[in-house]
Number of protein chains: 2
Amino acid sequence: MSHTLTVSLDAMGGDAAPSVVIKGAVIARERYPDVRFLFFGRKDEVEPLLAAHAGLATVSTVVHCDDIVRDSDKPSRALRKSRESSMARAILAVKHGEADVAVSAGNTGALMALAKFILRTLPGIDRPALASLLPTLRGESIMLDLGANVECASENLVEFAIMGSAFARAVLELDNPVVSLLNIGEEDLKGNDKVRRAAEILRSSSLHLDFVGFIEGDKVSEGVADVIVTDGFTGNIALKSIEGTARLIVRLLAESYKSSLMSRLGYLLSRPGLRGLRAHLDPNNHNGAVMLGLNGLVVKSHGGASATGFATAIGVAVDMARHRLTDLITGDLAGIVLDDESTARAVGGAVGEDM
Amino acid sequence: MSHTLTVSLDAMGGDAAPSVVIKGAVIARERYPDVRFLFFGRKDEVEPLLAAHAGLATVSTVVHCDDIVRDSDKPSRALRKSRESSMARAILAVKHGEADVAVSAGNTGALMALAKFILRTLPGIDRPALASLLPTLRGESIMLDLGANVECASENLVEFAIMGSAFARAVLELDNPVVSLLNIGEEDLKGNDKVRRAAEILRSSSLHLDFVGFIEGDKVSEGVADVIVTDGFTGNIALKSIEGTARLIVRLLAESYKSSLMSRLGYLLSRPGLRGLRAHLDPNNHNGAVMLGLNGLVVKSHGGASATGFATAIGVAVDMARHRLTDLITGDLAGIVLDDESTARAVGGAVGEDM
C-alpha cells in the first residue's frame, strides 16, 4: 500500500460529463488524499473546471483527446473508430502502466468492448464479467454477470464464481466469501442443465470456494450469500428489478407522506432515521460495476450517477487497485491448476495450457 | 354472469391448511356472496372448522380425500401416486364441470404437473404458463412465465403474450393491454436470439396485440406495460427479486422507525399514509398465480399466504371464471388462425391442425 495509486478517468463519459467527473474526483480526493488522477478529455472543457479545485489540480494531469464515444455508438463502431477516444485512452493508460485502474461513466457496451480489446482477458478466463455491489439486509453483496455475457456456458459461470470471490475478498474485505448460484429453487434438481452443471463443478473441493449452492431471487436481498453468480441476461434483469422496486417504494413512500398534514409532520420527525434508509438504498452509494477477468482494472460508473456516485465508483476502483485484484484472480486460477488439472480444464479450458 | 360460480378448494394445501383455507373462504364469501365452494380434504379436519362459519357452510360441500400432496413431493411422484389427493380432486372437479375454477396453496410443481395432466393444454398452446399480478406505480401488471417453463423457445414466449393479454383483459379489465418482452435493453438488437425472434413474431399485425417491444427490469415497477412476458427462469428470478427487495425495504423502514423516540412518534403520525403503501406492497394483496393455457382454470396461492391472501387468490379465480378466461384465450388463438395461417403456425405449431 506504499505505492501511490493513479486512477485514469474518462472525463467525457456520462450524462453530465465532464462536470460530474471532476466533482466526483474532488470528493474522492478528500477520501483518498494519496491518489493521483489522469483525466482524458477535451482540455478546453476539463481544465477550467479543474482550475476551480486547487487541491485536486495539484494531483491531476489532463491529457487532451478530441474523440468521445457516444451513448448511441455500437460496440463494434467504438472498436473501429474510437481507439483515440477519452474512453479508450483511459483504458490504454492502465495497459501502459500509467494508471492502476480506469473509471468511465460512458457507453457500457463500448467500454466492455474496448476494455476487452485493449487489456485482453486473463489466462484461464474465457469471458470477462461485469460485477457490482448491491445493498442487502446485512450490508452488501456482489452480483455477476450483469450483462457482459448474454449467453453463458456452465464453465463461464464457474469463472464468474472464482472472479466474484476474489472481488469480494478485495472490496468487501472478507476472508472466505460465501458464493452461490442464482436459481429458481434451492434443491439440486431445480433450474436448467447449465446451472446444475455449474453447481457440480463448483462443489469440487479443489476450487477453494465457500460454495453454498443455489439461491433464490428473494434471498439475494437478505445477504445470505456474499457473491451471487448468474448469466448476464438474468443478472441484468435481476439487478434492474431490484433497482426498479427500490425506486417504486421510495416514490410511494414520498406520496404516502404527502397524503395528509399528519403524515407530513410524521415524516419530519422520523426523517433522521429515514435518511439512513435512503442512504442505504441510494444507487449512488453502490455505484461502480467492475469488469472482472481482464489484464487490468476497469470500473463502469452509472451514466446518470451524481458526483457522490462517481466518487463511490472511484472508491471501488481504489479498493480493487490497493488489493491488487488482478493478481488475486490470477493467483486463484493458478491455485486451481496446481491442485487439479482436470478441474482446471473443466473451468477455464485454456488454463492448463496458458499458465 | 347469471350462472352461480363454484370454486373448488384444495383444503389441505399450504403451510397452515386447512384453517387458512377455510378462513380465506369466509372472507371471499363476504366479497362474493353468490359463489359456492367445494372443499376437498380430510372431513374430520375440515368440517369442524366449517361448522364455526354458518354462512360459509350453507354454500359449501365437503368431499373427503385421505391423500395429501406434500411440499417435498416431486411432480413425478405426485403424478404417479397422488391422483386421489385433495389437490388432484380439486382439479378433477374443474375437468368434470363440477367447479368453474380450482384454488390450491400446495406444492407448485405438483399442482402444475397434475393440472397439465388432468386438464390438458388448450389446442394451439404448446406449454402452459404461470402468471401473476405484481404491484406497480400505476396499479398492477401481469408477469409470465414465473417458473412453469425453465427453458422456452421464441414460440412459447409468443404464446405467453397471447395468454397474458387475455388474462389482463379479464383480471385488470383492460380493453387493449400493453404487452412487452423483458430484456436487457430496449433496442431491437439487445438480448439473445430467443427474445429477438419472439419480438419479430409479436410485431406481426395479425396477432392483435398492443406489443410495445422490449422492457428493462427497472421499468417493470413503473407500470409502463400491463403484460410482461419472459421465460420461466428469468421470470421467477425477477418476481422473487422484486418480492425480496420489497421485504428488505419494509424491514429497513421498520428499523429506521425504531431508531429513536422521535422516529417512533413520526411513524405514529404518518401511519395512515403508510398503511396504504404497506397494503399496496403486501404480497397477500397480489396473491394468486394463474396457470394459463389449460382446458380449465387453476389458481396457485402462496403456501404461506394469510387468510386475506388466500381470499385474494379466490378473488382472482372468481374474476377469471366470470370473464371466461379459457374462452377468451381460445378465441384469441382462433382469431389468429383465421387471420393468418402462417403466423398461427409460427406461434402454436399445432394451432392450424387442431382447430
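Keep in mind it's a predicted model, so treat the numbers as computed, not measured. (Residues numbered from 1 in each chain as written. Chains lettered and ligands numbered in written order. Predicted model: local features only at pLDDT ≥ 70, side-chain atom pairs only at ≥ 80, totals over all residues. Heavy atoms only, no water.)

Here we look at the overall build of chain A
Within chain A one finds 14 helices and 11 strands. Here the C-alpha radius of gyration of chain A, 21 Å, is about what a compact globule of 355 residues would show, namely 20 Å. Principal axes of the C-alpha set define a box for chain A whose edges measure 60 × 60 × 40 Å. Buried positions account for 58% of the 355 residues belonging to chain A. Counting every atom, chain A has about 13,900 Å² of accessible surface; 50% of that belongs to carbon and sulfur. The averaged location of the 44 negative side-chain charges in chain A is 7 Å from the averaged location of its 37 positive side-chain charges. (Helix = DSSP H or I, 4+ residues; strand = E, 2+ residues; numbered from the N terminus. Rg over C-alpha atoms; globule rule 2.2 N^0.38 Å. Buried < 20%, exposed > 50% of the residue type's maximum accessible area, 1.4 Å probe, protein only. Areas by Shrake-Rupley, 256 points an atom, 1.4 Å probe, with all protein chains shown as cover. Lys, Arg positive; Asp, Glu negative; His and termini not counted. Charge placed at Lys NZ, Arg CZ, Asp CG, Glu CD.)

Describing the packing of aromatic side chains
Residues and elements named next belong to chain A. This model, assessed by the stated rule, comprises two aromatic pairs over all chains. When the centroid spacing of 6.3 Å and the interplanar angle of 35° are considered together, the rings of Phe-37 and Phe-39 count as tilted. Judged on exposure class, the residue Phe-37 and its partner Phe-39 are both buried. (Phe/Tyr/Trp six-rings, centres within 6.5 Å; stacked < 30°, edge-to-face > 60°.)

Quick notes on the relation of the copies chain B and chain A
Overlaying chain B on chain A yields an RMSD of 0.1 Å, the required transformation being a rotation through 180° with an accompanying axial translation of 0.1 Å. This pairing of chains is accounted for by a two-fold axis. The rotation axis passes nearest to the C-alpha of B:Gly266 in chain B, at a distance of 1.8 Å. Most of the interface of chain B is mirrored in chain A, where 100% of its interface residues again form contacts. (Least-squares fit on C-alpha atoms with pLDDT ≥ 70 in both. Contact = heavy atoms within 4.5 Å.)

Quick word on helix 9 (residues 232–258) of chain A
Residues and elements named next belong to chain A. Taking 1.5 Å per residue, 27 residues should reach 39 Å; helix 9 reaches 39 Å between its end C-alpha atoms and fits that length. Across the 27 residues that make up helix 9, a large majority, 20, are buried. Capping the start of helix 9, Asp-231 holds a side-chain oxygen 3.0 Å from the backbone nitrogen of Phe-233, two or three residues further along. (Expected span 1.5 Å × (residues − 1). Polar contact = N/O pair within 3.5 Å; in protein donor to acceptor, adjacent residues only side chain to side chain.)

Let's talk about the pattern of salt bridges
Applying the stated criterion across every chain, the model contains 29 salt bridges over all chains. Taking the shortest distance from any N to any O, the salt bridge between A:Glu216 and B:Lys240 comes out at 2.2 Å. Here the residue A:Glu216 occupies a position in the loop between strand 8 (210–215) and strand 9 (227–229), and B:Lys240 occupies one in helix 9 (residues 232–258), the pair thus bridging two chains. Judged by relative accessible area, which is 15%, A:Glu216 ranks as buried. In this structure, A:Lys219 engages A:Asp218 in a salt bridge whose closest nitrogen and oxygen atoms are separated by 3.9 Å. A single salt-bridge network, built from bridges that share partners, covers A:Asp218, A:Lys219, A:Glu222, B:Arg247 and B:Arg251. (Salt bridge = Lys/Arg side-chain N within 4 Å of Asp/Glu carboxyl O.)

Brief notes about the environment of A:Glu45
Residues and elements named next belong to chain A. Its location among the elements puts Glu-45 in helix 2 (residues 43–51). Separated by 205 residues in the primary sequence, Glu-45 and Val-250 have C-alpha atoms spaced 36 Å apart. When residues no more than four places from it in sequence are discounted, the contact partners of Glu-45 are Met-12 and Pro-18.

Description of the nonpolar core
Buried together is how nonpolar side chains tend to be arranged in soluble globular proteins. B:Leu9, B:Phe37, B:Phe39, B:Phe167 and B:Met320 are the most contacted members of the largest nonpolar core, which has 115 residues in total. Broken down by element, this core gets its largest block of residues, 11 residues, from helix 7 (residues 154–171) of chain B. Residues in contact with B:Phe37, not counting those within four places in the same chain, are B:Val7, B:Leu9, B:Ala25, B:Ala28, B:Arg29, B:Leu56, B:Val59, B:Ser60, B:Thr61 and B:Ile314. Formed by 114 residues, the second largest nonpolar core is a distinct cluster that contains A:Ile22, A:Phe160, A:Ala170 and A:Ala225. (Core = buried A, V, L, I, M, F, W, Y, C linked by side-chain atoms within 4.5 Å.)

Comments concerning the side chain of B:Asp226
All names here are of chain B. When you line up the elements, Asp-226 lands in the loop between strand 8 (210–215) and strand 9 (227–229). Although buried, Asp-226 forms no salt bridge, and the nearest oppositely charged side chain, Arg-138, lies 7.0 Å from it. Setting aside its immediate chain neighbours within four residues, Asp-226 contacts Ser-141, Ile-142, Leu-172, Leu-174, Pro-177 and Val-178.

Notes on the interface of chain B and chain A
Counting from both sides, the interface comprises 53 residues of chain B and, opposite them, 53 residues of chain A. Taking both partners together, chain B and chain A bury about 4,600 Å²; carbon and sulfur atoms supply 70% of that area. Taken together, the links from chain B to chain A amount to eight salt bridges. Joining chain B to chain A, the criterion identifies eight residue pairs in polar contact (both at pLDDT 80 or more). Within the residue set of the side of chain B that touches chain A, elements represented by two or more residues are helix 8 (193–202), helix 9 and helix 10 (261–281) of chain B. (Buried area = accessible area lost by both parts, 1.4 Å probe.)

Looking at the environment of A:Leu134
All names here are of chain A. Residue placement: Leu-134 occurs in strand 5 (residues 129–135). For the pair Leu-134 and Glu-47, spaced 87 residues apart in the sequence, the C-alpha separation amounts to 34 Å. Residues contacting Leu-134, with those up to four places away along its chain left out, are Gly-139, Glu-140, Ser-141, Ile-142, Met-143, Val-220, Leu-239, Ile-242 and His-286.

Brief notes about a negative patch on the surface
A cluster of acidic residues, B:Asp44, B:Glu45, B:Glu47 and B:Asp66, forms a negative patch on the protein surface. Structurally, B:Glu47 can be placed in helix 2 (residues 43–51). (Patch = residues over 30% accessible without salt bridge, like charges linked within 9 Å, V, L, I, M, F, W, Y side chains within 5 Å.)

Section: the sheet that holds strand 10 (residues 289–292) of chain B
Residues and elements named next belong to chain B. Judged by pairing direction, the sheet is mixed, and its 11 strands sit side by side in the order 3-2-1-4-11-10-5-6-9-7-8 without closing on themselves. Either end of the sheet is taken by a strand with one partner, and the two such strands are strand 3 (60–64) and strand 8. Here the average twist between neighbouring strands, direction ignored, is 25°. In the sheet, strand 5 (residues 129–135) pairs with strand 10 via three bridges, with the strands oriented antiparallel. (Pairing = 2+ DSSP bridges. Axes fitted to C-alpha atoms, helices over the stretch in contact; angles between N-to-C directions.)

Notes on the side chain of A:Asn183
Mapping A:Asn183 onto the fold places it in the loop between strand 7 (178–182) and helix 8 (193–202). A relative accessible area of 0% places A:Asn183 in the buried class. Side-chain polar atoms of A:Asn183 contact the backbone oxygen of A:Lys190, separated by 3.0 Å. Not counting the four nearest positions on each side in its chain, A:Asn183 is found in contact with A:Lys190, A:Gly191, A:Val195, A:Phe214, A:Ile215, A:Glu216, A:Gly217, B:Phe233 and B:Ile237.

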